[in-house]
Amino acid sequence: MKVMKVEGRQKKREYLFDNYKVLLIVLVVIGHFIDPCYDQNPFLYELKWGIAAFHMPAFIFISGYFSKKNHSVKKLISSLIIPYFVYEVIYYLVYTLLLDKDTELYFTRPKFTLWYLLALFVWRLAMPAVKKLPYYMPLTLAGGLLIGLAGLGNFLSIPRILFFFPFFLAGTEFDSAWLVRFRNTKGYAGALAILGAFAVFLFTDKYHRRLPVKIFYGRYSYEALGLEPLEGILIRIVCYGISFVLIYLFMLVLPSERKSYSYLGERTMAVYIFHGIIYSCVKHESDILHSIRSGRESALLILCCLALVWAVSRKPFVQFTDRIAHLM
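Residues numbered from 1 in each chain as written. Predicted model: local features only at pLDDT ≥ 70, side-chain atom pairs only at ≥ 80, totals over all residues. Heavy atoms only, no water.

Peer 1: Mind showing me how you'd approach the overall build of the chain here?
Peer 2: Each helix and strand in the chain was counted, giving 12 helices and 2 strands. Starting at the N terminus and ending at the C terminus, the chain contains elements arranged as β-β-α-α-α-α-α-α-α-α-α-α-α-α. Relative to its length of 328 residues, the chain is compact, with a C-alpha radius of gyration of 20 Å against a globular reference of 20 Å. Structurally, the chain occupies a C-alpha span of about 50 × 50 × 45 Å along its principal axes. A buried classification covers 49% of the 328 residues belonging to the chain. Sequence-distant contacts, at least 24 apart, represent 79% of the contacts inside the chain between residues at least 6 apart. (Helix = DSSP H or I, 4+ residues; strand = E, 2+ residues; numbered from the N terminus. Rg over C-alpha atoms; globule rule 2.2 N^0.38 Å. Buried < 20%, exposed > 50% of the residue type's maximum accessible area, 1.4 Å probe, protein only. Contact = heavy atoms within 4.5 Å.)

Peer 1: What is the right way to look at the packing of helix 3 (residues 55–65) against helix 9 (residues 229–253) in this model?
Peer 2: The angle between the axes and the distance between the axes are what describe a pair of packed helices. Contact pair helix 3 / helix 9: the axes reach a minimum separation of 9 Å and the direction vectors enclose 65 degrees. Judged on the interaxial angle alone, helix 9 and helix 3 are roughly perpendicular. Between helix 3 and helix 9 the crossing geometry is right-handed. Residue-level inspection shows Pro57, Ala58 and Phe61 of helix 3 in contact with helix 9, the latter providing Ser243, Ile247, Tyr248 and Met251. Classifying every residue of the contact of helix 3 with helix 9 by side-chain character gives 6 nonpolar, 1 polar and no charged. (Axes fitted to C-alpha atoms, helices over the stretch in contact; angles between N-to-C directions. Parallel < 35°, antiparallel > 145°, perpendicular 65-115°, else oblique. Left-handed = near helix turned anticlockwise from the far one by under 90°. Nonpolar A, V, L, I, M, F, W, Y, C, P; charged D, E, K, R; others polar.)

Peer 1: Teacher, can you tell me more about the confidence of the model for the chain here?
Peer 2: It should be kept in mind that the predicted coordinates are not to be read in detail where pLDDT is low. For the chain, the mean per-residue pLDDT works out to 92, and 97% of the residues sit at or above 70. Below a pLDDT of 50 lies the segment residues 1–10, which in the model reaches 21 contacts outside its immediate sequence neighbourhood of four places, other chains included. (pLDDT = per-residue confidence, 0-100.)

Peer 1: Can you walk me through helix 7 (residues 158–173) in this structure?
Peer 2: The end-to-end C-alpha separation of helix 7 is 23 Å, in line with the 22 Å expected for 16 residues at 1.5 Å each. Along helix 7, the sharpest change in direction is near 40 degrees and occurs at Phe164; proline Pro166 comes one to four residues later. Of all 16 residues making up helix 7, 13 are buried, and the element is well covered by its neighbours. (Expected span 1.5 Å × (residues − 1). Bend = angle between axes of the 7 residues up to and from the residue.)

Peer 1: Got a minute to help me understand the packing of aromatic side chains in this structure?
Peer 2: Each aromatic ring pair is summarised here by two numbers: the centre-to-centre distance and the angle between the ring planes. For the coordinates displayed, the defined rule picks out 32 aromatic pairs. Arranged with centres 5.6 Å apart and planes meeting at 85 degrees, the rings of Phe61 and Tyr248 form a pair that is edge-to-face. In this pair, Phe61 is assigned in helix 3 and Tyr248 in helix 9, connecting sequence segments 187 residues apart. Relative to Tyr220, the ring of Tyr217 has its centre 6.4 Å away and its plane inclined at 40 degrees; by these criteria the two rings are tilted. Owing to a relative accessible area of 23%, Tyr220 belongs among the partly exposed residues under this scheme. A connected cluster of aromatic rings, assembled from ring pairs, spans Trp115, Tyr116, Trp123, Phe163, Phe164, Phe165, Phe167, Phe168, Tyr240, Phe244 and Tyr272. Between Lys101 and the ring centre of Tyr95, over which it is positioned, the NZ or CZ distance is 4.3 Å. (Phe/Tyr/Trp six-rings, centres within 6.5 Å; stacked < 30°, edge-to-face > 60°. Lys NZ or Arg CZ within 6 Å of the ring centre and 35° of its normal.)

Peer 1: Please clarify how the pattern of salt bridges should be interpreted in this entry.
Peer 2: Oppositely charged side chains are able to pair whenever their charged atoms sit close together. Applying the stated criterion across every chain, the model contains 7 salt bridges. Between Arg13 and Asp18 there is a salt bridge, with its nearest N and O atoms 2.5 Å apart. Here Arg13 and Asp18 have matching classes, each one buried. Close ionic contact of Asp35 with Lys48 constitutes a salt bridge, the shortest N to O distance being 3.1 Å. Taken together, the residues Asp35 in the loop between helix 1 (15–33) and helix 2 (42–52) and Lys48 in helix 2 connect sequence positions 13 residues apart. Given the relative accessible area of 29%, Asp35 is considered partly exposed. What you see here is one network of salt bridges that share partners, running through Arg13, Asp18 and Glu266. (Salt bridge = Lys/Arg side-chain N within 4 Å of Asp/Glu carboxyl O.)

Take a look at the structure:
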C-alpha cells in the first residue's frame, strides 16, 4: 500500500481523492474544449451545465482538504506565486508569438486557468486568520454573495477568490472518516439516484436554459450576467447549494481503492497548465471547436479530451511543473 508522510507519521494514501481529482481534471479539460460549441448540441449543452455546477467547487474543496496545516509565506511564494509569474510569461509568449493575439503582460489580470494559482495562494495565506473569526463560514458565504454586486472584472481574480473561498474552507474542515457510515450499498444507491435525478432535471428543466452557465463561474457580476441584484443573490445561493450537494454525492460513488488511473490524480497540475495552452492554440488557430454539432462529433471531441489528459500527464510535463514549483 502506497503511503504518504503527514506531519511526522505515516498515513495511508487516500485514493478516493486521487480518483476524484482524475474525474475533475477530465471534466476541466472537457469543459474548456466544449465551450465554443456546447450551445450547438443539446447533450453538450447540459454536460456543460453539469460540469460547471461542481467541478471547480470540488477541486477547490479538495485543495482545502489537503491544506489543513498552515503554510509559510516563503513556501507559498515558491510553490504558487513564482509559478504564477512564470506561467503568465509563458502564456503571454504563446499568445503574442504563436497566436498573434493582442494582449499585454499584466500580472493583475490572470490569463485563462492561471487565476487558480493566485487564488490558492490567497486562500492558504488567509485561511488561518479567517478561521479564527466567529461564524467564518456564514461570513465568507456572504462575501461570495455580495461580491456579485461589484464590477471588478478579472482584477486579481478577486470575485472568484471570494466566491470559491467557502468551498476551500469547507474542505479544511472535512474529515474523510465522516464518509464511513454513508459509503455502503444504500448510500451508493441513494447518491446515484440523486445524481440521476439531477441529470434528468438538466435535460427537462427550461428555466436554467434562460440563464447563462457563467452563474457558476464566480467571475462575473450580477449586472454582467443580466440579473437584478436580488435575483442574482438568490440564484447564487442556489448555486452554492447545488455545488456542495454534488461534491458530497460524488464522494459516495467514486471508488476509494487504488485504480489503474489513480496516479493521474497526482499529476493534475501539469494537465491543468498545459491543456490550457493547447486549448488556446486550437481555439485561435482553427475553427474546428466551433463546428462540433453532431453526436458523433461530440463523442469524438470527448475522446480527444481524454487522450489529451493522458498525453499531458506524462513525465516530461509533470517534471516541468514540479521544477517550476521548486525554483526557490
